[in-house]
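Read off the chains here:
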Amino acid sequence: MNIILLGPPGAGKGTQARHLVETRGMVQLSTGDMLREAKTSGTEMGLKVAAIMDAGKLVTDEIVIGLIEEKLTTETGAGFIFDGFPRTLAQADALAALLTKLGQSLHTVIEMRVDDDALVDRITARSTCSGCGEVYNDKTKPIPADGRCTNCGEQKEFTRRADDNEDSLRTRLMEYYKKTSPLIGYYYAKGDLRPVNGLADIKEVTASIEAVLG
Ligand code: ADP
């Protein structure tokens, strides 16, 4: 079963994808994570994408489609979770073509609905355990006083993303509404779209997604 998690930055796509990986053995394909990895690798591509990402703009379709194609042909598991991809109509068409080529199909597109004020609050308060990727929030889930991650138990650094600041978030939201939100209509028309309320607490969102996936 291959699914897409669709929604604006901060909608909770990564958190829910991690849950599906743990409970169902699915493979999370996050283009954001792949690009952040490329950014720290010092490769030519990494250098090229770093400034674009930090400013909150979208990286070119060609680069992200290439990254996805490589993973689709090398990773295996109980289906793929596309997290942060596709983000443009060209990427959606490329994904459909890639899946067809591999003899696979798309099961469902889960649209995570969250209002904009909540997104700004979530993102500007967000930090991540550099050991396991567990996500914290200054207001709703602060880093424990002893600095030990509640998920992996390690005392690792808690990092904030370079693009989790108000300026770049505004650009990310604008990119989302201009280029990614048309995908909601695209997948609705195809009959694949299933909306869930991303404003509920994490466990409730998980339950809604489980109910959709069956
Ligand atoms: P968020 O959903 O919180 O904005 P991501 O981790 O998915 O964050 O992506 C971070 C950044 O990586 C984006 O702002 C963009 O620059 C780049 N990026 C990720 N996925 C794509 C994609 N499919 N197409 C173009 N750029 C992407």
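What counts, and where the lines are drawn
- Within every chain, residues take consecutive numbers counted from 1 along the sequence as written.
- The model is predicted, so local features are restricted to residues of pLDDT at least 70 and side-chain atom pairs to those at 80 or more, both for listing and for counting; the totals for chains, interfaces and linings are taken over all residues.
- Each side-chain value is worked out from all heavy atoms of the structure, with water and hydrogens disregarded.
- If even one non-hydrogen atom of a residue comes within 4 Å of a molecule or strand, that residue is called near it.
- For the purposes of these results, a polar contact is taken to be a pair of N or O atoms within 3.5 Å, where, inside protein, one atom must be able to donate a hydrogen and its partner to accept one; residues adjacent in sequence count only when each atom of the pair is a side-chain atom.
- Using a 1.4 Å probe, the Shrake-Rupley method yields the accessible areas, and only the shown protein chains count as cover for residues.
- Under the scheme used here, helices are H or I runs from DSSP no shorter than 4 residues and strands are E runs no shorter than 2 residues, and both carry numbers assigned from the N terminus.
- Two strands make a pair as long as DSSP finds a minimum of two bridges between them.
- Each axis is a line fitted through C-alpha atoms, and for a helix only the stretch in contact is used; angles between axes span 0 to 180 degrees, taken between their N-to-C directions.
- The contact definition used throughout considers only heavy atoms, calling two residues in contact when any of these lie within 4.5 Å.
- UniProt positions are given in the numbering used here, feature names are shortened, and annotations may be inferred rather than shown by experiment.
- To sort residues, take the accessible area from a 1.4 Å probe on protein chains only and compare it with the maximum for the residue type: under 20% means buried, over 50% means exposed, and anything in between is partly exposed.

Another aspect to go through is the site of the ligand. Neighbouring residues of the ligand: 19 residues in total, closest T31, R36, K57, Q91 and R172. Contact between the ligand and T31: a nitrogen atom at 2.8 Å from a side-chain N or O atom of the residue. K57 has a polar backbone atom sitting 2.5 Å from an oxygen atom of the ligand. If the ligand stood free it would expose 550 Å²; the protein chains cover 96% of that surface. Considering every element that reaches the shell around the ligand, the biggest residue donor is helix α2 (residues 31-41), with 4 residues.

This paragraph deals with the sheet that holds strand β3 (residues 80-83). With respect to topology, 5 strands assemble into an open sheet ordered β2-β3-β1-β4-β8, the strand pairing being parallel. A strand with exactly one partner marks an edge of an open sheet, and here the two such strands are β2 (27-30) and β8 (193-197). Taking each pair of neighbouring strands and ignoring which way they run, the sheet shows an average axis angle of 25 degrees. Against the sheet, helix α1 (residues 13-24) touches β1 (3-6), β2, β3 and β4 (108-113), its axis set at about 170 degrees to β3.

Residues annotated in UniProt with the feature "binding site: AMP" (unreviewed entry) correspond here to T31, R36, K57, L58, V59, G84, F85, P86, R87, Q91, R161 and R172. An extended arrangement is adopted by the annotated residues: their sequence extent is 142 residues, and the largest C-alpha distance between any two is 24.3 Å. As for its placement among the helices and strands, G84 is situated in the loop between β3 and α5 (89-101). The class for G84 is buried, based on a relative accessible area of 8%. When sequence neighbours within four positions are dropped, the list of residues in contact with G84 reads L5, K13 and T31. Take P86: it is sitting in the loop between β3 and α5.

Attention shifts here to the side chain of Q16. Tracing the backbone through its elements, the reader meets Q16 in helix α1. Within polar-contact distance, the side chain of Q16 engages the side chain of T206 at 2.8 Å. Excluding its chain neighbours within four sequence positions, the residues that come into contact with Q16 are L5, M112, I202, V205, T206 and I209.

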